[in-house]
Amino acid sequence: MSTRSTESGSDSGSSRSHDSDDDDNVESESYDSDHHGRLSDNDSTPVDGPSGHLSDEPSPKWRDGKIKITTVDRISDLTDHLLVHILSFLPIGNAIKTQVPSKRWQFLWTCLPSLHFRSCCRDLADFAAFVTFVEKTLILCNCSKLKKFRVDCDSNYVPDFEPNVSLWTRFAVGKGTEELHLHFDDTDNDMSAECRYRLPQLLFTNASFKVLHFCLCSTAVWCPKELLPGIR
């Protein structure tokens, strides 16, 4: 009798031991110590748990093992007025090139309040091409009033193009320009006064000008500073 009781007690203790182990297994299957999250019933993939970890599914930035980069065009979000102001700091040739990447930029340069032309002329043909470029640009200019009109020509003035240069100055007057810069270069160091561009009188009688700056130009009439109030 005592033997059977001992065996029975042993079986009962063993059963309680197995039940305790089963409870431990249930708890170990319910939580993953590495992820600190609850495990799904079917596998060991962690789902939303106390720590906020998600499943092992790759995030949108890492799908297929590649980083997904999101680009934001912040410049195009700027207003047209601010974009035109930025373009006004560029030489006109560079400003015109900005119309290529986007239709949004196609006609922004035509509203520039400042026009700056630079030439790189090696011969007469280059100078003629530069004159043509300036005149085509002026035709497309839609700005009602110019702050600055500037021409930097790194070659000698060619008297044959006097009507063209005079057209530029009349354009500046018509746009109420505040600053006019007209610069020519004497590459041969032998430019006489007769070969220089003669400034028209209307430049000195226009009230809109605040700054007049000329290089290697001449004037037929001497104008004392007293007759040019506000001009420096």
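Structure: see above.
The structure presented is a predicted model; accordingly, all values stated were derived computationally and were not measured. (Residues numbered from 1 in each chain as written. Predicted model: local features only at pLDDT ≥ 70, side-chain atom pairs only at ≥ 80, totals over all residues. Heavy atoms only, no water.)

Judged by nonpolar contacts, the single largest core of 42 residues is most densely connected at L115, F117, F149, W168, L182 and F184. Of all elements in the fold, only α2 (80-87), α3 (92-97), β3 (114-119), α4 (124-140), β4 (148-153), α5 (162-174), β5 (179-183) and β6 (197-199) reach the threshold of two or more residues within this core. For this core, the element with the most residues is α4, which contributes five residues. (Core = buried A, V, L, I, M, F, W, Y, C linked by side-chain atoms within 4.5 Å. Buried < 20%, exposed > 50% of the residue type's maximum accessible area, 1.4 Å probe, protein only. Helix = DSSP H or I, 4+ residues; strand = E, 2+ residues; numbered from the N terminus.)

In this section: the packing of aromatic side chains. The full count for this structure, using the stated rule, is seven aromatic pairs. Ring plane angle 50 degrees and centroid distance 6.1 Å describe the contact between F149 and F171, whose orientation is recorded as tilted. In this pair, F149 is assigned in strand β4 and F171 in helix α5, connecting sequence segments 22 residues apart. Assessed through its relative accessible area of 1%, F149 is described here as buried. Clustering of aromatic rings is evident, with ring pairs tying together F117, F133, F149 and F171. (Phe/Tyr/Trp six-rings, centres within 6.5 Å; stacked < 30°, edge-to-face > 60°.)

Consecutive side chains of a regular strand alternate in pointing toward one face of the sheet and then the other. Where β3 and β4 come together, six bridges link them in parallel fashion. Looking at β4, one finds that S119 is bridged to C153. Each parallel crossover has a hand, and for β3 linked through α4 to β4 it is right-handed. Judged from the five bridges that link them, β4 and β5 form a sheet pairing that is parallel. The residue of β5 that forms the bridge with V151 is L182. Crossover handedness for the path β4 to α5 to β5: right-handed. (Pairing = 2+ DSSP bridges. Right-handed = clockwise from strand over helix to strand, strands pointing away.)

This part takes up the side chain of T98. Topologically, T98 is positioned in the loop between α3 and β3. Take T98: its relative accessible area is 18%, and that puts it in the buried class. A distance of 2.5 Å separates a polar atom in the side chain of T98 from the backbone oxygen of A95. (Polar contact = N/O pair within 3.5 Å; in protein donor to acceptor, adjacent residues only side chain to side chain.)

What follows concerns the environment of W109. When you line up the elements, W109 lands in the loop between α3 and β3. On the accessibility criterion, W109 (6% relative accessible area) is buried. Spatially, the C-alpha atom of W109 lies 8.1 Å from that of S88, the residues being 21 residues apart in sequence. Among all residues touching W109, those that are not within four sequence positions of it are L87, I92, A95, I96, Q99, T137 and L140. (Contact = heavy atoms within 4.5 Å.)

A few words on the pattern of salt bridges. One pass over the structure, following the stated rule, counts four salt bridges. A salt bridge links D80 to R104, with the nearest nitrogen and oxygen atoms 2.7 Å apart. In this pair, D80 sits in helix α2 while R104 sits in the loop between α3 and β3, placing the two residues 24 residues apart along the sequence. Overall, D80 belongs to the partly exposed group, its relative accessible area being 42%. Among the residues examined, R104 registers a relative accessible area of 32% and is labelled partly exposed. For E179, the salt bridge is made with K148, and the minimal N-O distance between the two is 4.0 Å. Here the residue E179 occupies a position in strand β5, and K148 occupies one in strand β4, the gap between them amounting to 31 residues. (Salt bridge = Lys/Arg side-chain N within 4 Å of Asp/Glu carboxyl O.)

A few words now on the sheet that holds β5. Read across the sheet, four strands follow the order β3-β4-β5-β7 without closing on themselves; strand pairing throughout is parallel. The open sheet is flanked by β3 and β7 (211-215), the only strands paired with a single partner. On average, adjacent strands in this sheet sit at an angle of 5 degrees to one another, irrespective of strand direction. (Axes fitted to C-alpha atoms, helices over the stretch in contact; angles between N-to-C directions.)

Of note in the backbone geometry, L216 takes a positive phi value of approximately 60 degrees without being a glycine. Among the secondary structure elements, L216 is positioned in the loop between β7 and β8 (217-219).

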